[in-house]
Amino acid sequence: MERVVVVISAPRRRRSPAWFGAETRRALAAGLAVAGLALAAGWPYWRDHPGAAAITLGSCAAIAVVGVLLATGGRTRRTGLLFLTASVCWALNWAASWDAGIGPMMSPYAQAEFYLALGVGVLMYPSGRLEYVADRVWTAMACVILLGCPTALWVTSEPEWAAFRGESVWWPAPFPDFGVFQTVLRVSAILYLALALSFAVVLLLRLPRMGRLRRLLTLPVTAALAFVGISAAVTQKPIMEASIPLDDLLQVYVVQGAVVVLVPLTLLASGLRLRISELTVAGRMLRLTAPVSVERVRDALRDVLHDPSLELWFWAPMEETYVDTGGHPVDIDPDGVETPPDGDGTGRWRHRVLSASGDRLAVVELGGALRYHESLVEAALVAGGRALETARLQASVHAGLEQVRSAYRRLVRAETVERERLARDLHDGAQQRLLALGAMLGTLEAVTDDPAVKEHARTCRAELMEALGELRALAREVQPALLAQDGLGPAMEVVAERLGARVKLDITHRRFSREIESTLYSALCESLSYAVERARASEVLVRVRVEGGRLAAEVTCDGPAAGPADLPGLSGRLRALRGHVEFDGGPGRGTTVRMDLPCE
């Protein structure tokens, strides 16, 4: 027996909590840095509005912290970097409060870049790319609108028209025209509102095309950002007026910043929800797999990972192949090419599972959308490791039984072929010889003049005809011609006529494979023979029908109850074809034999 040695190192003493790692320290440092930048950019306004300062600095820091934390992940790296960029842009947006230098002209661009980075970052979450055509179209449209409208505003205006009246404001407007400026304001307001509404539509269109687990994570973020976008468009309308005071402009920025903080908080809550799922997956796996069975382990993984299409195959070392939950061999490549998830998340992903000793254990095939939640998949497989080991042993046993059944099926097929050959030989060989011999005896009886020889020939011919009749009956029992030509119903009608009028038949006209028909015919003949000859039944009913994709047969009689000991050969032949038989009955109730076989 192979020995596995597991070395557990002694834990090192921590000077800080487990959750306060390098990533957390970097995120907090980035949040403080962005908050400091926002403090410096908006200092003229913060001096008189400490409450607004707390709200804005908190929102900037929160977005930066979430951005850095997301940037540590492989697939969420781009979303994290965009969120970090958005936090810096929102901090720079407050440079407008100085009412001097380049800050007033830079503020509209910083605000536009903030919403652009935030929106594209959410569209990329959690896959790290723009998956759908609508996402890419909205991104292109947002770039044009969010960069084109600020440009059109400062090109056609004077700084005091846009709320800036400082003497040192740098505002190189080449074509100032108040009428054109007012038109640009109205058009920009309409475009901003249309952009916000279209963003909400794009977010809602994505939800039905996502997997269940991904939908659970992105739905709160989608709702929060849709609310933020519409709120930003509505609050932006009052400031799209000519000669608005600077304080009114900055108050709108405060309101928008307070609403925007919902996005990082919701995103953080979704991430925590996923981490909590990973922590609780062990308990759920233990609860769902008790008692352990192959089907329970597969169903538990489907439930925990929210993937009803999950498939599980176990490695059978004796057979040197993978088998499914029923023990049937499957031809799969565990290292096959991975099908990435496409736009609607319908790709597939195969993941090989190894035992603690590094041996092959199983292969799990999941929906491609779970590729974005590989940590949850790993947590579920690790938590179900012992259950998978036990289920693998059960699958190996099932595989062995399946091999035995396959061997039985081959024997049944060989027996069916041999029955056909024997019936054909009896008909074409022995019967023809006996008929020829009978004809010769008839000729001898006709040509001889000796009475003794004539009588002896007549007697031999009569005995020969009786033997021929018995041989024909044997040939019919071995493989009746009607069974091969017309099916089970006509063949059983001949049997019923031979046994008497007390046998009633209700048999489907559908045809089945030779093995199925031959096996069921033999089983029905054996059951009828018991009912008529041994149980002395006065009435027998034979019913054969298709139920739920399987062939169900039932023989009911009013004779004494039969059991496995009375019909010893019945169960073995049926089980060889993955069928089974049940016996029911009792005093005063007669006997019922129920048989079940696959239709194919």
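Our subject in this report is the structure included herewith. It should be emphasised that the depicted structure is a prediction, and the values quoted were computed from it without experimental measurement. (Residues numbered from 1 in each chain as written. Predicted model: local features only at pLDDT ≥ 70, side-chain atom pairs only at ≥ 80, totals over all residues. Heavy atoms only, no water.)

**Focus on the overall build of the protein chain**
The cut-off we apply is this: Helix and strand labels come from DSSP, where a helix needs a run of H or I of at least four residues and a strand needs a run of E of at least two; each type is numbered from the N terminus. Classification of residues uses two cut-offs on accessible area relative to the type maximum, computed with a 1.4 Å probe and protein chains only: under 20% is buried, over 50% is exposed, and between them is partly exposed. A contact between two residues is defined here by any heavy atoms of the two lying within 4.5 Å. Every accessible area reported is derived by Shrake-Rupley at a probe size of 1.4 Å, with residue values counting cover from the shown protein chains alone.
Looking only at helices and strands, one finds 18 helices and ten strands in the protein chain. When each of the 600 residues of the protein chain is scored for burial, the buried share is 46%. For the protein chain, the share of sequence-separated contacts (at least 6 apart) that also reach a separation of at least 24 residues comes to 67%. Summing over all exposed atoms, the protein chain offers an accessible surface of approximately 30,400 Å²; the carbon and sulfur share of this is 60%.

**What about the packing of aromatic side chains?**
Under the convention used in this document: Only rings of Phe, Tyr and Trp enter the pairing, Trp through its six-membered ring, and a pair is recorded when the two centres are within 6.5 Å. The plane angle decides the type: under 30 degrees is stacked, over 60 is edge-to-face, the rest tilted.
Overall, the coordinates contain eight aromatic pairs when judged by the stated rule. Centroid distance Tyr45 to Trp94: 5.9 Å. Interplanar angle 25°. Geometry classified as stacked. Here Tyr45 is found in helix 2 (residues 43–46), whereas its partner Trp94 is found in the loop between helix 4 (77–93) and helix 5 (103–123), with 49 residues between them in sequence. Comparing Tyr45 with Trp94, the two get one shared label, buried.

**Quick notes on the side chain of Ser59**
Basically, it comes down to this: Any N or O atom pair separated by 3.5 Å or less is treated as a polar contact, with the protein-specific requirement of one donor-capable and one acceptor-capable atom, and with residues adjacent in sequence counted only for side-chain atom pairs.
As for its position among the elements, Ser59 is in helix 3 (residues 50–71). At a separation of 2.7 Å, a polar atom in the side chain of Ser59 contacts the main-chain carbonyl oxygen of Thr56.

**Considerations on helix 6 (residues 133–155)**
Quick note on the threshold: By this rule the span expected of a helix is its residue count minus one, scaled by 1.5 Å.
Taking 1.5 Å per residue, 23 residues should reach 33 Å; helix 6 reaches 33 Å between its end C-alpha atoms and fits that length. Listing the buried residues of helix 6 in full gives Asp135, Trp138, Thr139, Ala142, Ile145, Leu146, Cys149, Pro150, Leu153, Trp154 and Val155. On its buried face, helix 6 is in contact with helix 5 and helix 7 (178–206).

**Remarks on the environment of His509**
Locating His509 in the fold gives a position in the loop between strand 6 (503–507) and helix 17 (514–534). C-alpha separation for the pair His509 and Val544, spaced 35 residues apart in sequence, amounts to 9.4 Å.

**As for the nonpolar core**
Counted only if it meets this: Remark: nonpolar core denotes a set of buried residues (Ala, Val, Leu, Ile, Met, Phe, Trp, Tyr, Cys) joined through side-chain atoms within 4.5 Å.
The biggest cluster of nonpolar side chains holds 47 residues, and the ones touching the most others in it are Phe83, Trp94, Phe114, Leu118, Leu123, Trp138 and Leu146. At the level of secondary structure, the elements contributing two or more residues to this core comprise helix 1 (22–41), helix 2, helix 3, helix 4, helix 5, helix 6, helix 7 and helix 9 (246–260). Beyond its immediate sequence surroundings of up to four residues, Leu146 is in contact with Ala112, Tyr115, Leu116, Tyr192 and Leu195. In terms of nonpolar packing, the next biggest core, distinct from the first, is built from 32 residues, Val503, Ile516, Ala537 and Val555 among them.

**Notes on the sheet that holds strand 5 (residues 360–367)**
Heads up, the condition is: Any two strands between which DSSP finds at least two bridges are classified as paired. A fitted line through C-alpha atoms represents every axis, and for helices the fit uses only the stretch in contact; the resulting angles, taken between N-to-C directions, go from 0 to 180 degrees.
Strand order in the open sheet formed by five strands is 3-2-1-5-4, and the pairing between neighbours is antiparallel. Every interior strand has two partners, whereas the edge strands, strand 3 (329–330) and strand 4 (348–354), have only one. One ladder, built from seven bridges, connects strand 4 with strand 5; its direction is antiparallel. For Arg348, the partnering residue across the bridge sits in strand 5 and is Gly367. Strands strand 4 and strand 5 of the sheet are contacted by helix 12 (residues 374–383), whose axis makes an angle of about 40° with strand 4.

**Examining the pairing of strand 8 (residues 550–557)**
Across the eight residues of strand 8, six count as buried, placing the element largely inside the fold. Alignment of strand 7 (residues 540–547) against strand 8, held across eight bridges, turns out to be antiparallel. Within strand 8, the position partnered with Glu547 by the bridge is Arg550. The antiparallel hairpin formed by strand 7 and strand 8 contains two residues in its connecting segment, where Gly548 sits at a positive phi of about 60°. The sheet contact formed by strand 8 and strand 10 (residues 590–598) spans eight bridges and is antiparallel. Within strand 10, the residue paired with Val555 across the bridge is Val593.

**Brief notes about the pattern of salt bridges**
Should the charged atoms of two oppositely charged side chains come close, the side chains can pair. Heads up, the condition is: By definition, a salt bridge exists where a carboxyl oxygen of Asp or Glu is found within 4 Å of a side-chain nitrogen of Lys or Arg.
Inspection of the entire model under this criterion finds eleven salt bridges. Measuring nitrogen to oxygen at the nearest pair gives 4.0 Å for the salt bridge that ties Arg129 to Glu131. Given a relative accessible area of 34%, Arg129 falls into the partly exposed group. On the basis of relative accessibility, which here comes to 9%, the residue Glu131 falls in the buried class. With a closest N to O distance of 3.3 Å, Arg298 and Asp299 form a salt bridge. Residue class for Arg298 comes out buried when judged on its relative accessible area of 16%. Judged by relative accessible area, which is 36%, Asp299 ranks as partly exposed.

**Some words on helix 5**
Over its 21 residues, helix 5 runs 30 Å from end to end, which matches the ideal 30 Å to within 8%, given 1.5 Å per residue. Among the 21 residues that make up helix 5, 17 are buried, leaving the element largely enclosed by the rest of the structure.

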